[in-house]
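Coordinates in review
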Amino acid sequence: MDDILDQRAYERERPERLRRVIELKRKRRVAIGDLVSVVFENRETVAFQVQEMVRAERIIRDEDVAFELETYNPLIPAPGELSATMFLELTTEEALRRWLPALVGIERSVSLVLGQDGEEEVRAQLEAGHAAQLTREEVTASVHYLRWNLRNHLERFRTEPVRVRISHPRYSAEALLGEETKLELLADLEG
């Protein structure tokens, strides 16, 4: 709760925090094909999200701030883990109608692939609390929360190419993590 400022204090700091988080997310955002991107989360990105929710909804009661923290804190990765918010980049009503039903289950189709030839694949796990709210049988959500346990894969992550792969029957794509992104994520993995 100490990370969340009262509204007046936050308004004074907001321009600098916003600038810093935009730069941080630029390093942590990975486009996977034309329709999907992920932003790898850390303590700073999650704190900023909570602070912005508190600001937008004008939350002032400690109990309400605590609820927001309980909701978003599971997105902060533990050492040896990565977590990400996956966005379906659908910007028109037509795209939403077409793709949300077609991409049901996409959140269970995301992996990190380690090695030059993709020798090792680590499937994303769904953040349990959010999965229960977001998963439906007839239509998917445009935002999903993912987590990878990489405790047994740190050396490969550190030294070999890493790609994010989506293998869904209606959407397949992958993206290589750039060096700047890998360095950011190694800081998360190493705690």
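Refer to the preceding data block for the structure.
Since this is a predicted model, take the numbers as computed values, not measurements.

Reading the values: rules and limits
- Residues numbered from 1 in each chain as written.
- Predicted model: local features only at pLDDT ≥ 70, side-chain atom pairs only at ≥ 80, totals over all residues.
- Heavy atoms only, no water.
- Pairing = 2+ DSSP bridges.
- Helix = DSSP H or I, 4+ residues; strand = E, 2+ residues; numbered from the N terminus.
- Axes fitted to C-alpha atoms, helices over the stretch in contact; angles between N-to-C directions.
- Buried < 20%, exposed > 50% of the residue type's maximum accessible area, 1.4 Å probe, protein only.
- Contact = heavy atoms within 4.5 Å.
- Core = buried A, V, L, I, M, F, W, Y, C linked by side-chain atoms within 4.5 Å.
- Salt bridge = Lys/Arg side-chain N within 4 Å of Asp/Glu carboxyl O.
- Arc of directions from axis to C-beta.
- 1 Å grid on protein atoms, 1.4 Å probe; cavity = no way out; pocket = protein on both sides within 12 Å on 5 of 7 lines; lining within 4 Å.
- Points joined across faces, edges and corners; volume = space filled by probe spheres on them.
- Nonpolar A, V, L, I, M, F, W, Y, C, P; charged D, E, K, R; others polar.
- Phe/Tyr/Trp six-rings, centres within 6.5 Å; stacked < 30°, edge-to-face > 60°.
- Lys NZ or Arg CZ within 6 Å of the ring centre and 35° of its normal.

Picture the strands of a sheet paired through backbone hydrogen bonds; they go either parallel or antiparallel. Taken together, four strands build an open sheet; the order of strands is E5-E4-E8-E9 and the sheet is antiparallel. The sheet is open, and its two borders are formed by strand E5 (120–123) and strand E9 (171–176), each paired with just one other strand. This sheet shows a mean twist of 25° between the axes of neighbouring strands, independent of strand direction.

The next point concerns the environment of Ser-167. Inspection of the secondary structure puts Ser-167 in strand E8 (residues 162–168). Using a relative accessible area of 37% as the deciding quantity, one classes Ser-167 as partly exposed. Along the primary structure Ser-167 and Val-122 are separated by 45 residues, whereas in three dimensions their C-alpha atoms are 13 Å apart. When sequence neighbours within four positions are dropped, the list of residues in contact with Ser-167 reads Ser-109 and Ser-172.

Attention shifts here to the environment of Val-21. Note that Val-21 resides in helix H1 (residues 7–28). We classify Val-21 as buried; its relative accessible area is 3%. Along the backbone, Val-21 and Phe-48 are 27 residues apart, and their C-alpha atoms lie at a distance of 7.5 Å.

This part covers the nonpolar core. Nonpolar side chains in soluble globular proteins tend to end up buried together. Ranked by size, the top nonpolar core spans 36 residues in total, and within it Ile-32, Val-36, Phe-40, Leu-82, Trp-148 and Phe-157 carry the most contacts. Beyond its immediate stretch of four places on either side in the chain, Ile-32 contacts Ser-37, Val-38, Val-164, Ile-166, Tyr-171, Ala-173, Glu-174 and Ala-175. Counting residues in each nonpolar core, the second largest holds 10 residues, with Ile-4, Val-50, Val-65 and Tyr-72 among its members.

Turning to the pattern of salt bridges, a few remarks are in order. Throughout the structure, instances matching the rule amount to 25 salt bridges. Glu-184 is the partner of Lys-27 in a salt bridge, and the nearest nitrogen-oxygen pair spans 4.0 Å. With Lys-27 in helix H1 and Glu-184 in helix H7 (residues 179–189), this pair connects stretches of sequence that are 157 residues apart. The class of Lys-27 is partly exposed, set by a relative accessible area of 22%. Judged by its relative accessible area of 17%, Glu-184 is buried.

For helix H3 (residues 62–72), the full list of buried residues reads Val-65, Glu-68, Leu-69 and Tyr-72. Down the axis, H3 shows its buried residues gathered within 100° of arc, on one side only. Projecting away from the buried face of H3 at angles above 90 degrees are the exposed residues Glu-63, Phe-67 and Glu-70. Buried residues along H3 sit against helix H2 (43–56) and strand E7 (143–149).

If you add up the space inside the largest pocket, you get close to 170 Å³. Lining the largest pocket are 10 residues, and of these Leu-5, Asp-6, Ile-60, Asp-62 and Val-65 lie nearest its centre. Split by residue class, the lining of the largest pocket holds seven nonpolar, one polar and two charged.

Locating Thr-45 in the fold gives a position in helix H2. By relative accessible area, which is 0% here, Thr-45 ends up buried. Not counting residues up to four positions away in its chain, the partners in contact with Thr-45 are Leu-24, Lys-25 and Arg-28.

What follows concerns the packing of aromatic side chains. For the structure shown, the criterion picks out one aromatic pair. Ring geometry for Phe-40 versus Trp-148: centroids 5.7 Å apart, planes at 40°, classification tilted. In this pair, Phe-40 is assigned in strand E2 (residues 36–41) and Trp-148 in strand E7, connecting sequence segments 108 residues apart. The same class applies to Phe-40 as to Trp-148, namely buried. Between Lys-182 and the ring centre of Phe-157, over which it is positioned, the NZ or CZ distance is 5.8 Å.

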